[in-house]
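# Fold and contact review
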Amino acid sequence: MTTTTPTQPTTPTGPSGTGAPAPRTKRRGTGIAGATNWPATIVLLVCTLSVLIPLLVTVNMALKTGSQAVDGNAFSLPDPVSFQSFADAWELTNFPRGFAVSAFVTILAVTGEIVISAMAAYAIVRNWDRRLFRWSFFYLLAAMFIPFPVVALPQVRLTGLVGLDNPLGVAILHIVFALAFNTMLFTAFMRSIPLELEESMRVDGATTWMVFWRLIFPLLRPMAATVGIFAFLLSWNDFMMPSLIISNPELQTIPVLQNMFQTQFSNNYNVAFASYLMAMTPAIVVFLFTQRFVVSGLTQGAVK
Amino acid sequence: MSTTTSSPQGRGTRSRPVPTSTKPKVEPLYYLFLFPAVVLFTLAVSLPAVLGFFYSFTNSIGFGDWEFVGLRNFIALFQDPGTVSAYSFTLLFALTTVIVVNAVAFLLALGLTSRIRFQTALRAVFVMPMVISGIIIAFVFQFLFNNTLPGIGQALGIDALSSSILVNEDLAWLAIVFVTAWNTIPTTMLIYIAGLVTIPAEVYEAGAIDGATGVQQLWRITLPLVSGYIVINTILGFKNYLNAYDIIVGLTDGGPGTATRSVAMAIIDGFEYGDYGFQMANAFVFFVISIIIAVVQLRITRGRAAF
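For chain B, the helix and strand inventory stands at 13 helices and 0 strands. When its helices and strands are written in sequence order, chain B yields α-α-α-α-α-α-α-α-α-α-α-α-α. Over its C-alpha atoms, taken along the principal directions, chain B stretches across nearly 85 × 75 × 35 Å. Split into buried and exposed, the 307 residues of chain B put 46% on the buried side. Pairs at least 24 residues apart make up 70% of the contacts formed inside chain B by residues separated by at least 6 positions.

With that out of the way, let us pick up helix H6 (residues 148-161) of chain A. All names here are of chain A. Compared with the 20 Å implied by 1.5 Å per residue over 14 residues, the 19 Å span of H6 between its first and last C-alpha is a close match. Within H6, 10 of the 14 residues are buried, leaving the element largely enclosed by the surrounding structure. Among all positions of H6, only Phe148, Pro149, Val150, Val151, Ala152, Leu153, Pro154, Gln155, Val156 and Thr159 are buried. Positive phi appears at Gly163, one or two residues downstream of H6, with a value of about 75°.

Chain B puts 97 residues into the contact, and the matching count from chain A is 98 residues. Its residues assigned to classes, the side of chain B that touches chain A comprises 66 nonpolar, 24 polar and 7 charged.

A few words on the nonpolar core. All names here are of chain B. Counting 165 residues, the largest nonpolar core has Ala109, Ile136, Ile176 and Tyr192 as its most contacted members. It is helix H7 (residues 172-196) that contributes the most residues to this core, 16 residues altogether. With residues near it in sequence (within four places) discarded, Tyr192 still touches Ala105, Phe106, Ala109, Val226 and Tyr229.

Residue and element names in this part refer to chain A. The amide bond that connects Asp79 to the next residue, Pro80, takes the cis arrangement and shows omega of 0°. Looking at where Pro80 falls in the secondary structure, it is placed in the loop between helix H2 (66-69) and helix H3 (84-92). Positioned with a positive phi, Asn94 is a non-glycine residue whose angle comes to about 50°. Summarising the element assignment, Asn94 is placed in the loop between H3 and helix H4 (95-126). According to the C-beta neighbour criterion, Asn94 is partly exposed, with 15 such atoms within 10 Å.

On to the confidence of the model for chain A, then. All names here are of chain A. Averaged over every residue, the pLDDT of chain A is 83; the share at 70 or more is 85%. Within chain A, H4 carries the highest mean pLDDT (95), whereas helix H14 (residues 269-303) carries the lowest (79). Contacts from residues 1-33, a stretch scored under 50 in pLDDT, to residues over four places away or in other chains number 84 contacts.

Thresholds applied
- Residues numbered from 1 in each chain as written.
- Chains lettered and ligands numbered in written order.
- Predicted model: local features only at pLDDT ≥ 70, side-chain atom pairs only at ≥ 80, totals over all residues.
- Helix = DSSP H or I, 4+ residues; strand = E, 2+ residues; numbered from the N terminus.
- Buried ≥ 20, exposed ≤ 12 C-beta atoms within 10 Å, placed from the backbone.
- Contact = placed C-beta atoms within 7 Å.
- Expected span 1.5 Å × (residues − 1).
- Nonpolar A, V, L, I, M, F, W, Y, C, P; charged D, E, K, R; others polar.
- Core = buried A, V, L, I, M, F, W, Y, C linked by C-beta atoms within 7 Å.
- pLDDT = per-residue confidence, 0-100.

Next up, the structure:
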């Protein structure tokens, strides 16, 4: 999506509404000399400030010393540049432990969402003529209409009762609340896999178990990438579920830790922002490596 | 049986169910594939939903003894000023945010699919906010609203901005709209980009030949052709914004007073304030309202799409 762009519709107006000349011939690629929509480019470049300023302020504040940051001036440059705030935030919030908990929840959620939804989707697609499987599909879809806040409090009690008021419980809930959407994506995708592939493998004596793991699951890779990235983002960034479900503050995820340490950050803005930056970085890094899938995945998801 | 019949069984899935009495048995493995999802869903969603509904008819405070109180919680709900204000805030917030996010995201998508320079880099920048945790970016903006914006407001002599808008009862909700929009515009924008790239250039050429101006092309060609995507974005957006929680906790924590307390926050505080049964009634009403809004949207937009 990002590298090779299909034929772009020549949009009549830039966001500025400057009404660029309308008649254009169809051309491949973008940014080719001669036809560049400069007003739109410039307006968009200016608009990037709204995205970049908060992020740059975060970096800027994190690099200050405590005595400089205390005045709360967002735009004064760090003088001197100091990395002490990262060490302080690392110690104060016990970052390694928070990171380990967040990573545990996220890895479990990503794996679980891909495997469980894919298996369910396979069973549903191959047995669509059975009432049980068809109804199970609609049953799962109902989850899309039940917001988490509605079941949150009974959920807190139940997880407490069965000893799942911990990161494992949160990972399970992340899996469940994403089940509907993921199963929908996988079933749509699976219907496009020709049955003949599977049949030829069965003729050679493969069991359903082998067909699924050796043939179907590898074929699902593009959709699994999409599901996995969104599972990662939602799980890593989630605040509501861990804050409610995890009872032991020592086992909290990184976003919840930011909230817990608000009072201790108080005017130590450099420590606070260093902490925010460390919390954001893993998601940004993953995004930079996977943005191709994010864009194409959402495109597929929207079309299906 | 299970292995030998696999082939006809697979073929049967493609056609509509055929009323034959000799349907091959389903291979047990398929149940094994289906059940983790169904069982987890039942335990983690259905069971708590049923429990919550049950407790909405009680005076439970979250633990210990309770009694049935019939519909008293539901009646009290409509008379409780806190609940009513939470609903009016949430609905106003959700409606405003849906409009703002869709308008900005659509314009950005138009810009990013037009013949611009630095397209790849610009797309990457505008997608970036979606990967950042809502509560963390809310803390960053809280700092900007409290420390930076008032200074700018004073320098420009704008009274409303001279003090933090987060402590202003009438303006705090706009800060929440702003940060929520910042965080969620990318997803909406990507869906619009997905829609815009499906429009063939020929359509615009034909429009241009017929003498359509830029604005006419936008209204008569682009918007009708992406109407399906507008529907998706509006419905998904409403669903998300009605459940607003993280960003509010990070920005105002429901304040000043209870001016920006969302329904989700009210429900979740049910344990803290010992009104579990009451808030479960609230949760049920909230659930019903969410569904009504979704259904109404589907009805309205279906009518539009035909046009």
